[in-house]
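These are the residues of each chain, in order.
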Amino acid sequence: MRSPARSIVLVGLMGAGKTSLGKRLSKIFNLPFFDSDAEIEKAAGCSVAEIFARFGEAYFRDGERRVIERILAGAPCVMATGGGSFMDDRIREVVKDRALSIWLRADLDTLVKRTTKRRDDRPLLKDGDPRDILRKLIEQRYPVYGEADIVIDVGDEPPEKTSERVHKIIVSHINADAEPTN
Ligand code: S3P
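Residues numbered from 1 in each chain as written. Predicted model: local features only at pLDDT ≥ 70, side-chain atom pairs only at ≥ 80, totals over all residues. Heavy atoms only, no water.

J.: Before we go on, may I ask you to explain the site of the ligand in this structure?
T.: In the neighbourhood of the ligand, 14 residues make up the surrounding shell, with Lys18, Asp37, Arg61, Arg122 and Arg141 lying closest. Between Arg61 and the ligand, the recorded distance is 2.7 Å, taken from a side-chain N or O atom to an oxygen atom. Residue Arg141 places a side-chain N or O atom 2.7 Å away from an oxygen atom belonging to the ligand. Contact with the protein chains hides 96% of the accessible area of the ligand, taken as 380 Å² for the molecule alone. (Near = heavy atom within 4 Å. Polar contact = N/O pair within 3.5 Å; in protein donor to acceptor, adjacent residues only side chain to side chain. Areas by Shrake-Rupley, 256 points an atom, 1.4 Å probe, with all protein chains shown as cover.)

What follows is the structure, given as structure tokens:
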């Protein structure tokens, strides 16, 4: 499978399926996979929830920016990003510059359903009703996520179907990029 010359960055809210799709795409394209949350946890030696609790969100965001910049400075890869990262101007800039960004757009019901299992790992969903919180995040973030290169609607289909769809769209982008312009 021909690999993209640029990294593939997955953007979207918690529960959109960035990590599971990212792992599948990394296999399909034979590229390394990174999860920005997991990289921050590795660097900090504790979980995202602990970083929020002990040092606060601003500290987490700073680490998130550094991790994403470092990963995108390297060889092409597939990266699943934390849901808040694309809201940061500098991160958006580096993603636009170095990667093909894909927003996994999910509706509220899908997100609520998919985040119920791992609420403890997600500090933003702990204080309040997750549905209300996710609804507000959709309002705030979806207009900005819309700056991604590609938008994919995700719902209740099996993950292999989603990865098949996304794979085809990425390949058509790679081919379009490779076409001579004159
Ligand atoms: C966050 C999403 C989380 C994690 C942190 C904050 C957010 O990542 O980075 O809890 O602001 O939406 P996932 O989107 O991978 O759950």
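J.: I'm lost on the environment of Ile152 in this one. Help?
T.: Looking at where Ile152 falls in the secondary structure, it is placed in strand 5 (residues 150-154). Residue classification places Ile152 among the buried residues on the basis of a relative accessible area of 1%. For Ile152 and Arg105, which are 47 residues apart along the polypeptide, the C-alpha to C-alpha distance reads 5.8 Å. Those residues in contact with Ile152 that lie beyond four places of it in its chain are Ile102, Trp103, Leu104, Arg105, Arg165, Val166 and Ile169. (Helix = DSSP H or I, 4+ residues; strand = E, 2+ residues; numbered from the N terminus. Buried < 20%, exposed > 50% of the residue type's maximum accessible area, 1.4 Å probe, protein only. Contact = heavy atoms within 4.5 Å.)

J.: Please clarify how the pattern of salt bridges should be interpreted in this entry.
T.: Oppositely charged side chains are able to pair whenever their charged atoms sit close together. The full count for this structure, using the stated rule, is 16 salt bridges. Here Asp88 makes a salt bridge to Arg65, at a shortest N to O gap of 3.2 Å. Of this pair, Asp88 sits in the loop between strand 3 (78-80) and helix 5 (89-98) while Arg65 sits in helix 4 (residues 57-72); the two residues are 23 residues apart in sequence, bridging distant segments of the chain. (Salt bridge = Lys/Arg side-chain N within 4 Å of Asp/Glu carboxyl O.)

J.: Is there a simple way to explain the side chain of Arg92 in this structure?
T.: Checked against the element boundaries, Arg92 lands in helix 5. A polar contact of 3.2 Å, which involves the side chain of Arg92, links it to the side chain of Glu147. Not counting residues within four places of it along the chain, the set of residues in contact with Arg92 comprises Phe86, Met87, Val144 and Glu147.

J.: Any chance you could explain helix 6 (residues 108-115) here in plain terms?
T.: For an α-helix, 3.6 residues make a turn, and residues three or four places apart therefore share a direction. Every buried residue belonging to helix 6 is among Leu108, Thr110, Leu111, Val112 and Thr115, and all of these are buried. Next to the buried residues of helix 6 lie strand 4 (99-106) and helix 7 (130-145).

J.: For this particular structure, what's the right way to read the sheet that holds strand 4?
T.: Hydrogen bonding along the main chain pairs the strands of a sheet, whether they run parallel or antiparallel. What the five strands build is an open sheet, ordered 2-3-1-4-5; its pairing is parallel. Two strands bound the open sheet, and with one partner strand each, they are strand 2 (33-35) and strand 5. The average angle at which neighbouring strand axes cross in this sheet is 20 degrees, direction not considered. Pairing of strand 1 (residues 7-11) with strand 3, which is carried by three bridges, proceeds in the parallel orientation. Bridging from a neighbouring strand, Leu10 pairs with Ala80 of strand 3. Strands in contact with helix 2 (residues 36-44) are strand 2 and strand 3; relative to strand 2, the strand with the most contacts, it is inclined by about 70 degrees. Taken strand by strand, helix 8 (residues 159-178) contacts strand 1, strand 4 and strand 5, and its axis lies near 165 degrees from that of strand 5. (Pairing = 2+ DSSP bridges. Axes fitted to C-alpha atoms, helices over the stretch in contact; angles between N-to-C directions.)

J.: Can you help me understand the packing of helix 3 (residues 48-55) against helix 4 in this one?
T.: The geometry of a pair of packed helices is captured by two quantities: the angle between their axes and the separation between those axes. Viewed as axis vectors pointing N to C, helix 3 and helix 4 meet at an angle of 130 degrees, and their least axial separation amounts to 7 Å. The angle between helix 3 and helix 4 falls in the class oblique. Contact with helix 3, carried on its side by Val48, Ile51, Phe52 and Phe55, involves Glu57, Tyr59, Phe60 and Arg61 of helix 4 and no other residues of that element. Broken down by class, the residue content of the contact of helix 3 with helix 4 amounts to six nonpolar, no polar and two charged. (Parallel < 35°, antiparallel > 145°, perpendicular 65-115°, else oblique. Nonpolar A, V, L, I, M, F, W, Y, C, P; charged D, E, K, R; others polar.)

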